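Okay, here's what each chain looks like letter by letter:
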Amino acid sequence: MQKRKNPFSTRKINGRMRKKLVWLFGAVVLALVGLSVRITYINASEGNQYKKQVLSQSQQKYDSRVIPFKRGDIKDRNGAVLATSEKVYKVILDCKVVNYDEKYVEPTINAMVELLGLEEELVRDKLENEETRDSQYQIMKVNVPITEKKKFEDYLEITEEEEKTLTKEEKAEIQNVKGVWFEENYLRTYPMGATASHLVGFTYTGDTADWGIEGYYSSTLNGVNGRQYGYFNEDADVEQTIIEPVDGNSIISTIDVTIQQIVEKYIKELTDGLANGPNGEAGAKNVGVVVADPNTGQILAMATDQPFDLNDPRNLEPFYSEEEIQGMDEAAMLEALNGIWKNFCISDAFEPGSTVKPMTVAAALQDHSILPSATFVCDGYQMFGDTRIRCSIFPGAHGEQTLAQAMANSCNDAMMQIADQMGAEEFLKYQKIFNFGSATGIDLPGEASGIIHTADRLGTKSTELASASFGQGYTCTMIQEVAALCSVINGGNYYRPYVVSKILDENGNIKENVEPMLMKQTVSSEVSSRIREYMAAVMEEGATGNAAKVSGYSMGGKTGTAQKLSEADKTKKYLVSFAGFAPLDNPQVVVYVVVDEPNVDYQADSKYAQYIYKGVMTEILPYLNIFPDEAIEEKENAGMAYLENYIAEKAEENRKLAAEKENPSSEGEDAKEEDGDVTEAEGDQGENSPEEDRLQGEETIKEGADDPNLPAPPEDTTETDLHNKIEDNGITNQEAGFEDGN
C-alpha cells in the first residue's frame, strides 16, 4: 500500500512570502530602534523625576521613616498593669502621588472618607491647597487602631472571589486608591483609669511626663527610636537599612492595687457622706491617705480625694461646673489642672498637730531629758510671760499624767513640759533627725519639705517651742510624717520612702532591684518599744483613738487635731488626722489619714480621719495575712458606730442627688419631692448631725488645739520642684537632711 504524502513537509517558501518576512523584520527593527531612542531621551531628560516617583510610590513606607520605641509598662507589686503603650497608627497621605494622575483623586478620597471616617472637605483641601498639594507627608488621622487599619488594607486587596464578581469599574475604583499609608505609633493607656492617679501620673505626648511615676522615671521608661531608610543604590536598585528601636524599661511599683482601691473606697465614702454640708459641696478641702510598710519604707497605697482619669487628665468637668470652666482663661485652666494633678500627700505642707507627739516623747526619751517613769501635772495650760498656751481640755485639766496617759489623752500641757525639759537646741536637733524641714527623697516629683523654726526663733521657754511640741507652729508633709513615725515604731530605723521596687528590661529580665534604703537611726529599739506601748494606750477604751480600733487586732495609734491659723480668715478651721499601725509588737503596716477641713460645723474631731483608718485596716489586715492576735471585743465604740451609719446614709443620699442633677427627669423630680417630705418629717423629729448629737450628751474626749495664742508657722518661701526626675539622681543626702552624726 502506497504511503500518504505529508503536504507540509514539502512546502517551500516562495518569493512573495519571503518579501513579507523581510518587511516584517524591518518594521520590528525600526520599532525597537525608535523605542530605544525614546527611552534614552526620557532617561536623560526626566530620569531623576521617574526614579523619585518610583521610590515615592513603592517605598514611601520606609523612606527615612522613624520606627517608634514602646515605652515601658508600669505595674503594681503583683503584676497588675497600671500604665502601658498600645500600638496604634497614623494615617499618612502622599498628596503628590494622588495628584500624579487625576484618576487617583476620587477613589482615594472616597476610601478615606468611607473606611477611615475622615471628612471629605479635609482630604480634598489637602489635595488641592497650594501649600500641601505636592506634599508627600500629611498626617490625616492619629491613634488609629489596628482593626481600622486592617479594614482599609483588606479593601485594597482584591480577593479571588472579588475578581469574579466585581465589575471592571469597581476594580478600577479600588486599584486607583493611591498615596495612603500607615505609620506605627504608640498610645499610652491606663487600664485602671483613675486608680492611683497621683502615684502613676500620665504622659503628655506619649513619651514626656512630669507627674507621678511616669514623670520621675520618664527616662527609664523611654527607649530609643529606630529608623528605616529607603534609597537607590548605584545600580538603581531600591535598598533599605533598618535600625531597630530599643523599647523602654518597665517598672514594678511597690503599690498594691487592692489596698489602693480599698483606700480610695473609704475616702470616697467619707467625702460623699460629708458633701453638701455647711461649707459647700465638697466633703472636705483635702483628704489624703498613705499606707506604708514600716520595715522597708515601701509605699503600699497613696490616695487623695481628687482622683482623675489618667486617660483623660485634662477633663475639668468632674471638678468644676460648666459655667466655671467657660469662665477660665488659659492661665486659670492650667492652674486648675495643676491643682488637680498635684499630689497632696507629698506636695502640701501643713501643721500636723498631735500625730507628732510620739516623736516628741521619743526624742525626749532618747535624749534622756525625761525618764520612762516621768509624770507631768496638767492644769490646763502653760504660761509664757503674759501668754497662756492652753491644753486641749482647757478650761479643764488632765491632772497627773504618765507618758502613756499623756499620749492617750493627747495632753498638750505634758508635751509643753517635755519640750521645755529638752530645750530648744535639742528639740530642733531631733526635728532634723526625724527629717522635718527636709525632703524625704521619695521617688516622686513635687515633694515639698515643709518648714521648721530656726534655733533663734525656737528659743527655750518660747511659745514657738511650746506649740511645736504638739505639732503646731511648723509644717510638714504627709510623707515626712509617715517616714518619721515608721522609724519610731520599727526599732528606730529611718528608711527612705519609695514607690518602685524593680526595673525590668524590654525582655522582662530584672535590670535593677531597688532595695530598702536605711538612712539613719533615729531612736534606740528600747525607746521604740516604749513608744509602741504608749501608742497602744491611745486605742484603749476611753482614750482619744478608741474609735479607730479594729477588734481582734493589737495596734497603736495617735490622733491629730491641728488648728489652722489665718489672719485673713478668723473662723475656726481644723485639719484632723490619725496615724496608726498593727500589729503592736511587730508592726507590718502603717496607715496615716489626713482630713483637711471636714465639711461640718464642728471640725475639731479626729473621728473623721479615724473612720477612714478603721475601714481601711479592717479590710487590709486580713488581705495582708495579718491574723487577729487579741480577743474580739463585743462592745462597739458608740461614736464610731453612729458616724459609720451617718456617713453611709448621707453618702447614699448625696449620690442620688448628684445622679438626679446629672440626669433630671420627671421620675427624678417625683422622687426628689418624696425624699423632701421624708427629710422634713425627720427634721421635725430632731435628727442631728454627729456634732449636734455630741453636744446633746454623747461623751467625747477633747483633743487638739483651740487657742488664739498659738504662733503661726514661719513663712515658707521655698518653691516645690515639680520636675525632679530620676535622671537628676533624686536629692543628695545633705539636701534630704541625712547628715553624718544624725
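Rules behind the numbers
- Residues numbered from 1 in each chain as written.
- Predicted model: local features only at pLDDT ≥ 70, side-chain atom pairs only at ≥ 80, totals over all residues.
- Heavy atoms only, no water.
- Helix = DSSP H or I, 4+ residues; strand = E, 2+ residues; numbered from the N terminus.
- Buried < 20%, exposed > 50% of the residue type's maximum accessible area, 1.4 Å probe, protein only.
- Contact = heavy atoms within 4.5 Å.
- Expected span 1.5 Å × (residues − 1).
- Axes fitted to C-alpha atoms, helices over the stretch in contact; angles between N-to-C directions.
- Left-handed = near helix turned anticlockwise from the far one by under 90°.
- Nonpolar A, V, L, I, M, F, W, Y, C, P; charged D, E, K, R; others polar.
- Salt bridge = Lys/Arg side-chain N within 4 Å of Asp/Glu carboxyl O.
- Patch = residues over 30% accessible without salt bridge, like charges linked within 9 Å, V, L, I, M, F, W, Y side chains within 5 Å.
- Areas by Shrake-Rupley, 256 points an atom, 1.4 Å probe, with all protein chains shown as cover.
- Lys, Arg positive; Asp, Glu negative; His and termini not counted.
- Charge placed at Lys NZ, Arg CZ, Asp CG, Glu CD.
- Phe/Tyr/Trp six-rings, centres within 6.5 Å; stacked < 30°, edge-to-face > 60°.
- Lys NZ or Arg CZ within 6 Å of the ring centre and 35° of its normal.
- Pairing = 2+ DSSP bridges.
- Core = buried A, V, L, I, M, F, W, Y, C linked by side-chain atoms within 4.5 Å.
- pLDDT = per-residue confidence, 0-100.

Caption draft 1: Focus on the environment of K75. Looking at where K75 falls in the secondary structure, it is placed in strand β2 (residues 74-75). On the accessibility criterion, K75 (25% relative accessible area) is partly exposed. Along the primary structure K75 and D256 are separated by 181 residues, whereas in three dimensions their C-alpha atoms are 9.4 Å apart. Excluding anything up to four places from it in sequence, K75 contacts A80, V81, L82, I251, I252 and S253.

Caption draft 2: Summary view of helix α21 (residues 525-538). Counted at 1.5 Å a residue, the expected span for α21 with its 14 residues is 20 Å, and the 20 Å between its end C-alpha atoms agrees. Taken residue by residue, α21 has V527, S528, I531, R532, Y534, M535, A536, A537 and V538 as its buried positions. On the buried face of α21, the contacting elements are α15 (357-366), α16 (403-408), α20 (478-489), β19 (556-564) and β20 (573-582).

Caption draft 3: Spotlight on the packing of helix α3 (residues 102-116) against helix α4 (residues 120-128). In the contact formed by α3 and α4, the axes pass within 9 Å of each other and the chain directions differ by 145°. By crossing handedness, the relation of α3 to α4 is classed as right-handed. Between α3, through V105, E106, I109, M112 and V113, and α4, the contact on the second element is made entirely by E120, V123, R124 and L127. Grouping the amino acids of the contact of α3 with α4 by side-chain chemistry returns six nonpolar, no polar and three charged.

Caption draft 4: Looking closely at the pattern of salt bridges. As enumerated under the stated definition, the model contains 24 salt bridges in all. Note that K141 and E148 form a salt bridge whose closest N and O atoms lie 2.7 Å from each other. In this structure, R655 and D272 form a salt bridge, with 2.7 Å as the shortest nitrogen-oxygen distance. Here D272 lies in helix α11 (residues 257-274) and R655 lies in helix α23 (residues 638-662), a separation of 383 residues in the sequence. Linked by salt bridges that have partners in common, K268, E269, D272, E652 and R655 make up one network.

Caption draft 5: Main features of a negative patch on the surface. On the surface, D309, D312, E317, E322, E323 and E324 cluster together to form a negatively charged patch. Of note, D312 is situated in the loop between β10 (299-304) and α12 (322-326). Taking relative accessible area as the criterion, D312 reaches 37% and is therefore assigned partly exposed.

Caption draft 6: Focus on the packing of aromatic side chains. With the rule as written, the count across this model stands at 13 aromatic pairs. Three or more aromatic residues link up through ring pairs in this structure, and these residues are F202, Y204, W211, F308 and W341. In this structure, K520 is placed above the aromatic ring of Y494, and the distance from its NZ or CZ to the ring centre is 5.2 Å.

Caption draft 7: Local environment of the sheet that holds β20. Here five strands make up an open sheet; going across it, the order is β10-β9-β21-β20-β19 and the pairing antiparallel. Looking at which strands have only one partner, the edges of the open sheet turn out to be β10 and β19. Adjacent strand axes in the sheet meet at a mean angle of 10° when their direction is disregarded. Relative to β10, strand β9 (residues 284-292) runs antiparallel, the two being bridged by five bridges. What sits directly across from V291, in β10, is A301. Along the sheet face, helix α22 (residues 607-623) touches β9, β19, β20 and β21 (589-598) and points at about 150° away from the line of β21.

Caption draft 8: Structural view of unusual backbone geometry. Along the chain, F394 connects to P395 via a cis peptide bond; the corresponding omega equals 10°. Note on placement: P395 falls in the loop between β13 (387-390) and β14 (399-402). With an omega dihedral of -15°, the bond running from A582 to P583 counts as a cis peptide bond. Its place among the elements puts P583 in the loop between β20 and β21. Backbone geometry places A196, a non-glycine residue, at a positive phi of 55°. Among the secondary structure elements, A196 is positioned in the loop between β5 (180-189) and α8 (197-200). A positive phi angle is found at N435, which is not glycine, with a value near 75°. Mapped onto the elements, N435 comes out in the loop between α18 (424-433) and α19 (463-468).

Caption draft 9: Structural view of the nonpolar core. If you look at the biggest cluster of nonpolar residues, it comprises 101 residues, and the most contacted ones within it are I299, M302, V361, F434, F436 and I531. If one sorts the elements of this core by residue count, α20 sits on top with eight residues. For F436, the residues in contact, after removing those within four places along its chain, are V356, M359, Q431, I452, Y474, C476, Q480, E481 and A484. Grouped together as the second largest cluster of nonpolar side chains are 44 residues, Y266, V287, A547 and A582 included.

Caption draft 10: Layout of the confidence of the model for the protein. When pLDDT is averaged along the protein, the result is 85, and 82% of the positions lie at 70 or above. Counted against residues more than four places away or in other chains, residues 666-700, with its pLDDT under 50, gives 27 contacts.

Caption draft 11: The pairing of β13, seen in detail. Bridging between strand β12 (residues 381-384) and β13 involves four bridges; their strand directions are antiparallel. What sits directly across from M383, in β13, is R388.

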